[in-house]
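These are the residues of each chain, in order.
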Amino acid sequence: MPAPRSRLTFSGRSSGADMLFEYGVLAIALSTLVLVWGLVLKMALDAQPSIERFGPGFFIGMQWNPNNEVFGALPFIFGTLLTSGIAMLIGVPLSIGIAVYLSELAPPWVREPLSFVVELLAAVPSVIYGLWAMYALRPFIAHSVEPFFMSFLGWTPPFQGNATGLDKFTAGIILAIMIIPTVTSVSKETMRAVPDSQREAALSLGATRYETTRIAVLSYSRSGIFGACILGLGRAIGETMAVTMTIGNANRISWSLLDPGQTMSSLIANNWGEAQGIQLSALIEIGLVLFIVALIVNLFARLMVGRFMRAVPSTGGGL
Amino acid sequence: MSEQKARNGKTTEDKVVMPHRGGNSMILVAGAVIVVIVVIAAIFATGVLSGGTKESVTLTGAGATFPMPLILKWADVYYNNTNHKVKVNYAGGGSGAGITQIEGNHVNFAGSDAPLSAADSSKYGLLHIPETIGPIVAAYNEPSVTNLKLDGPTLAKMFMKNITTWNDPAIVALNPGVTLPTDTITTVVRSDSSGTTFAFSGYLAVVSTEFKTLYGQGKSVSWKNAIGASGNPGVAATVKTTAHSIGYIDLSYAESNNIQFAQLKNHDGNFVTASSDTASAAAASGSVSLPAGNGDWSHVSILDAPGATSYPITTFTYILVYKELYNAQSQMNKTAAKELVNFLWWAVHGTGQSYSSGLYFAPLPASVVTLDEATLNSITYNGVALR
């Protein structure tokens, strides 16, 4: 027969205060929910005129023209996906590499300071990244990196055009730099959480350092690392300031990485001041799309990381 | 366990009495925090920190970045002239943003290079007050070329991407004896809604029917494959840091940033360098009959003006202000309203206008000053004229 649940009740002078405390804290917690739902509802309401006028065609519309009031989101969805894609392509391998080094290979006197520095980078305000990108990164990319790629890849569509440095390429790179701290920290934590018994088991079977890491650590922490990547993706999708300073603000689709483009967040940052009427409504609809995408990406990431953390037994027993 | 249950008839309960620790100091801390909050609120409420005398007035404006250097200079001088009584804050943001802000009553006055449509100006009751005139230049970044000459159709083709390289035959023809590089032209445009774009695209529409058909005049234009930057300062910075680029900015920004700009062929066929004088010439000879302050300004244009020394891309820039300064939404008080009218009166007359040429704007011709006087005299507060 299962043991009856004993229920601790607190009695004494403070029971009234405790109830007040409990309900007060509950109210504060609920207010965050109310805030988020209020945000979504208000945005959906304000986007109604645009949703009614453009319907599902909004998502494949190619024009953003305030003069004749035709708005379409495709160039910006394309821009967001492309820059985030570049960020992931460059950032994720680097992050996993750094995480593996910090988790498996670094001696303790290197691991602690380096982890600290990586986490510090996550705290740098994004406008600082944007400023640095404008004045330091962009000239470097325009004068060295882009001509380098153009010299042997200039015949391919992604590398045609002028190497001005204000393009999707630079935006992708600064986003990669910005997601590295996030992805690295979370990946490193999931790797550290792999029990040593796993590593010992692999080593005892004769695996090399590399094989141990691959078999025992990486495959074990796969879902956690995946979750970390999704978190990074969430940051890349929503990033505004650094992107708007480097992407060149051109409201059109172009296949070349060296052409300027536009993302959803950067479009909103550029146009919120002057938008009115149906343009404002269309802008809010884009904000709604961005919000929902970021929400889904973050929820997914937390599910993956949470599932991994729960799956790891606290002591070395069992698999 | 089961015996206990049988004995009591209910599940076991443990009673724990929580030790009540540190109670008094918590109340003291909470009390101290509340006192601090109340003191801070009182300080802000009485305005002790904001400085200035009780009668000081702050006027807010926003909008076109085109006249911003001049308006900021006026604000500075006027603040001293009135013994720190009247402070004018002008925010920039582009003509489109300025119009949105004044229509929403968030600012006392707006700056716009583009006039309102007839429908809008009558709907909102806004007056147009041209406060200065300025040239828009084609600033370029091509260090090997020191004295570029262009004409309207060529400039239009460059921005339509019909001409893509600097050594295109059309540009070579206009610049005999100059070696032009083979590089691709990068065009830089405004990413925000802009009166400067309105004037520049208006000029291109006048000199190129293809541009007029495909793109048209507007505060926002769907330029072909150009880099967008925010505000005149943004375009200036982008042109300055992007090799082989060309963009359109106010002369003031080109001069203060030391960016080269092209000579343009005017209506009479002469190559003219943008300056305060050539802009004045355009305003004098090209001035159509101007409407009253509360009229329809949407067709006013001094682009491609006739005259031997007229600069072809010259535009008025307007201050938009309500005819009736009292309204429930803005809650503007009478002192502020009076000071606004005084400031604008000062700005359009001799003292204010004397700062124009130093900042590469052109002073208003006498006929426009007279028109502005009539407009300012018509501004009312609760139906009563302020002047």
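Within any chain, residue numbers begin from 1 and follow the written order of that chain's sequence. Lettering of chains starts at A and numbering of ligands starts at 1, both following the order in which they are written. The predicted origin of the model limits local features to residues at a pLDDT of at least 70 and limits the giving and counting of side-chain atom pairs to 80 or more, whereas totals for whole chains, interfaces and linings rest on all residues.

Novice: Which parts of the structure should I look at to understand the overall build of chain A?
Specialist: Of the regular secondary structure elements, chain A holds 12 helices and 3 strands. By its C-alpha atoms, chain A is 75 × 60 × 35 Å across when sized along the principal axes. Buried means a residue has 20 or more other C-beta atoms within 10 Å of its own C-beta, exposed means 12 or fewer, and partly exposed covers the counts in between; C-beta atoms are placed from the backbone. Considering chain A as a whole, with its 319 residues, one finds that 40% of them fall into the buried category. By the criteria applied, helices consist of DSSP H or I runs no shorter than four residues and strands consist of E runs no shorter than two, each listed in order from the N terminus.

Novice: Would you take a moment to explain the sheet that holds strand E4 (residues 109-112) of chain B for this structure?
Specialist: Sheets are built from strands that pair by backbone hydrogen bonding, the pairs being arranged parallel or antiparallel. Residue and element names in this part refer to chain B. If DSSP finds at least two bridges between two strands, the strands pair. Taken together, 8 strands build an open sheet; the order of strands is E3-E2-E4-E12-E5-E9-E7-E8 and the sheet is mixed. Unpaired on one side and paired on the other, strand E3 (86-93) and strand E8 (227-229) mark the two borders of the sheet. Geometrically, the sheet is characterised by an average inter-axis angle of 25 degrees between neighbouring strands, direction not taken into account. Alignment of strand E5 (residues 126-141) against strand E9 (residues 245-250), held across 6 bridges, turns out to be antiparallel. Of the residues in E9, the one forming a bridge with Tyr140 is Ile246. Of the strands in this sheet, E3, E5, strand E7 (186-190), E8 and E9 are in contact with helix H10 (residues 231-241), which crosses E9 at around 150 degrees. A fitted line through C-alpha atoms represents every axis, and for helices the fit uses only the stretch in contact; the resulting angles, taken between N-to-C directions, go from 0 to 180 degrees. Each residue is represented by a C-beta atom placed from its backbone, and any two residues with such atoms within 7 Å are regarded as in contact.

Novice: Looking at this model, I keep getting lost on the pairing of E9 of chain B. Mind explaining?
Specialist: Looking along a regular strand, one sees side chains alternate from face to face of the sheet. Residue and element names in this part refer to chain B. The element E9 is extensively covered by neighbouring structure, given that 6 of its 6 residues are classed as buried. In this structure, E7 lies alongside E9, joined through 3 bridges in parallel fashion. Paired with Thr186 across the bridge in E9 is Ser245.

Novice: I tried to follow the packing of helix H3 (residues 74-105) of chain A against helix H6 (residues 168-192) of chain A on my own but got confused; where do I start?
Specialist: The relative placement of two packed helices is expressed as an angle between their axes plus a distance between the axes. All names here are of chain A. The interhelical angle for the contact between H3 and H6, taken along N-to-C directions, is 40 degrees, at an axis separation of 6 Å. Considering how the two elements wind past one another, H3 and H6 form a crossing that is right-handed. Residues are grouped as follows: Ala, Val, Leu, Ile, Met, Phe, Trp, Tyr, Cys and Pro are nonpolar; Asp, Glu, Lys and Arg are charged; every other residue, Gly included, is polar. When grouped by side-chain class, the residues that make up the contact of H3 with H6 number 19 nonpolar, 9 polar and 3 charged. Handedness of a crossing follows from how the near helix is turned relative to the far one, being left-handed for an anticlockwise turn of less than a right angle and right-handed for a clockwise one.

Novice: I'm lost on the sheet that holds strand E11 (residues 271-272) of chain B in this one. Help?
Specialist: All names here are of chain B. Spatially, E6-E10-E11 is the arrangement adopted by the 3 strands of the open sheet, whose pairing is mixed. Among the strands making up the open sheet, the edge pair consists of strand E6 (149-150) and E11. Relative to strand E10 (residues 263-265), E6 runs parallel, the two sharing 2 bridges. In the sheet register, Lys149 faces E10, and the bridge partner there is Gln263.

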